[in-house]
Each structure stands twice: as structure tokens, then as C-alpha cells.
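Chain and residue survey
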Amino acid sequence: MVKTVTGCMSGLMIAVLVLVNGQALAADAKIAVIDMKQVLSTSTAGKRAEGVIKQKMDSLQASLKNDENDLIAMQKEGEKKGAAWSDSVKREKAAAFQKKRQELAEKQENANQELRKLREQQVNPVIKKLEEVVAKVAADSGYAVVLPRNVVLYATDAVDISNTVITELNKVMK
């Protein structure tokens, strides 16, 4: 019984020491947050990447809009003239409509894939350079941890290094 009590007391003492040391270490560690969305939307490189993506997206949307308008026109024609058409004409028009709708769906999927690839091509180099800049700013300022602002429940503006990172990123990615 004495051994059990002694063992429990020893374990409790070790746990308290670890907890106190852990709190002391955590109190010394400087932590910062960064708003990635703000950095990407306001930095020069981020704006440039988003501009390229937006231009391509507008182009693809214009192309798809023409196909959507054609599909709507086919549907309206069927509603207006469908009663006068023979069964064979109705089948032909319905098949043409289905084919056009499927082609539009394929074009939309291809456009989405193209935009994903373009986003990766444009944004990934910025993010890679951003990681380097964050590491440099953190090291220069003595931060042990930098967290994305969107995963932090609360942080004062004093620990937000977004503006510093934007300035540094603009310098290295002219």
C-alpha cells in the first residue's frame, strides 16, 4: 500500500513539473497570426495571379453563356412549335436538345478543370514564396509559431503580421 501511494505521489509530482515547465515554455514563445486571404488579395503578386484567373474565367463564362443561350432558344422553340411537330421531329429535336445539354455540361466541367489548373499555376508560386517570407519575418521578429488567422478563435491585432508579410512579399516578388 505504501508503494502504491508513493508511486502515485511520484507520478503526480512528475506531471506537475511537466505541466509547469510546459507553461513556462509556452509563456516565452511568441505567436503570430496571418490572414492568408488578405495577403493573397492585397499583395502585388496575389492581385496579378487573381487578375489572370479572373480574365480567363470571364472568357470561359462568355463562351458558356452563348451555349446556354442556344440551349434556351432550343427549349423555347420546342415549347412554341412542339404541338405542330410530328413525333419523329419531336424525337429529333429532343435528342438534339439532350446532346447540346450534355455538351454544355462537358464544357462546364472542362472549364472548371482549366480554372483549377490555372489557379494552381498562378497561386502556388505565390504561396511558396509567401511561406519563405513568413519564415523570414517570423525568424527576424522572434516568433516561434505563425498560425493562419482563420483557425484562431481570438487574436489581438498586435500579433497579426499580415501587413508586414505583404510588404516583404511585394519586395521579393516585384
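Everything below is about the structure shown above.
About the thresholds
Residues numbered from 1 in each chain as written. Predicted model: local features only at pLDDT ≥ 70, side-chain atom pairs only at ≥ 80, totals over all residues. Heavy atoms only, no water. Helix = DSSP H or I, 4+ residues; strand = E, 2+ residues; numbered from the N terminus. Buried < 20%, exposed > 50% of the residue type's maximum accessible area, 1.4 Å probe, protein only. Contact = heavy atoms within 4.5 Å. Salt bridge = Lys/Arg side-chain N within 4 Å of Asp/Glu carboxyl O. Expected span 1.5 Å × (residues − 1). Axes fitted to C-alpha atoms, helices over the stretch in contact; angles between N-to-C directions. Parallel < 35°, antiparallel > 145°, perpendicular 65-115°, else oblique. Nonpolar A, V, L, I, M, F, W, Y, C, P; charged D, E, K, R; others polar. Patch = residues over 30% accessible without salt bridge, like charges linked within 9 Å, V, L, I, M, F, W, Y side chains within 5 Å. Areas by Shrake-Rupley, 256 points an atom, 1.4 Å probe, with all protein chains shown as cover. Phe/Tyr/Trp six-rings, centres within 6.5 Å; stacked < 30°, edge-to-face > 60°. Lys NZ or Arg CZ within 6 Å of the ring centre and 35° of its normal.

1. What to know about the side chain of Ser-43
Along the chain, Ser-43 falls in the loop between helix H2 (36–42) and helix H3 (44–81). Residue classification places Ser-43 among the buried positions, given a relative accessible area of 0%. Not counting residues up to four positions away in its chain, the partners in contact with Ser-43 are Gln-38, Ile-166, Leu-169 and Asn-170.

2. Observations regarding the pattern of salt bridges
Taken as a whole and judged by the stated rule, the model has 13 salt bridges. A salt bridge links Arg-119 to Glu-50; its shortest N-O distance comes to 3.0 Å. Of this pair, Arg-119 sits in helix H4 (residues 87–141) while Glu-50 sits in helix H3, and the two are 69 residues apart along the sequence. Residues joined by salt bridges that share partners form a network here, namely Glu-77, Lys-81 and Lys-93.

3. Some points on H3
Taking 1.5 Å of rise per residue, the 38 residues of H3 would be expected to cover 56 Å, and the 55 Å separating its terminal C-alpha atoms lies within 8% of that figure. Along H3, the positions that sit buried rather than exposed are Ala-45, Gly-46, Ala-49, Ile-53, Leu-60, Leu-64, Asp-67 and Leu-71. Elements in contact with the buried residues of H3: H2, H4 and helix H5 (162–172).

4. A few points about the packing of H3 against H4
At a closest axis distance of 10 Å, the pairing of H3 and H4 adopts a crossing angle of 180 degrees. When the axes of H3 and H4 are compared, the pair comes out roughly antiparallel. In terms of residue class, the contact of H3 with H4 is made up of 17 nonpolar, 4 polar and 12 charged.

5. Concerning a nonpolar patch on the surface
A cluster of nonpolar side chains, Ile-31, Val-145, Leu-147 and Val-151, forms an exposed patch at the surface whose accessible area comes to about 310 Å². Tracing the chain through its elements places Ile-31 in strand E1 (residues 30–34).

6. Structural notes on the packing of aromatic side chains
All chains considered together, the criterion is met by 0 aromatic pairs. When the ring centre of Tyr-143 is taken as reference, the NZ or CZ atom of Lys-30 above it lies at 4.7 Å.

7. A word on the environment of Val-133
Within the element layout of this structure, Val-133 appears in helix H4. Given a relative accessible area of 6%, Val-133 falls into the buried group. In the structure, Val-133 is positioned 37 residues away from Asn-170 in sequence and 10.0 Å away in space, judged by C-alpha atoms. Ignoring any residue separated from it by four or fewer positions in sequence, one finds Val-133 in contact with Val-165, Glu-168, Leu-169 and Val-172.

8. Things to note about H4
Between the first and last C-alpha of H4 there are 77 Å, a value that for 55 residues agrees with the 81 Å anticipated at 1.5 Å per step. Those residues of H4 that are buried lie in contact with E1, H2, H3, strand E2 (143–148) and H5. Positive backbone phi, approximately 80 degrees, marks Gly-142, located one or two places after H4.

9. A look at the environment of Ile-161
Here Ile-161 lies in the loop between E2 and H5. Distance in space between the C-alpha atoms of Ile-161 and Ile-34 is 5.6 Å, their sequence separation being 127 residues. Residues in contact with Ile-161, not counting those within four places in the same chain, are Ala-32, Val-33, Ile-34, Val-137, Tyr-143 and Val-146.

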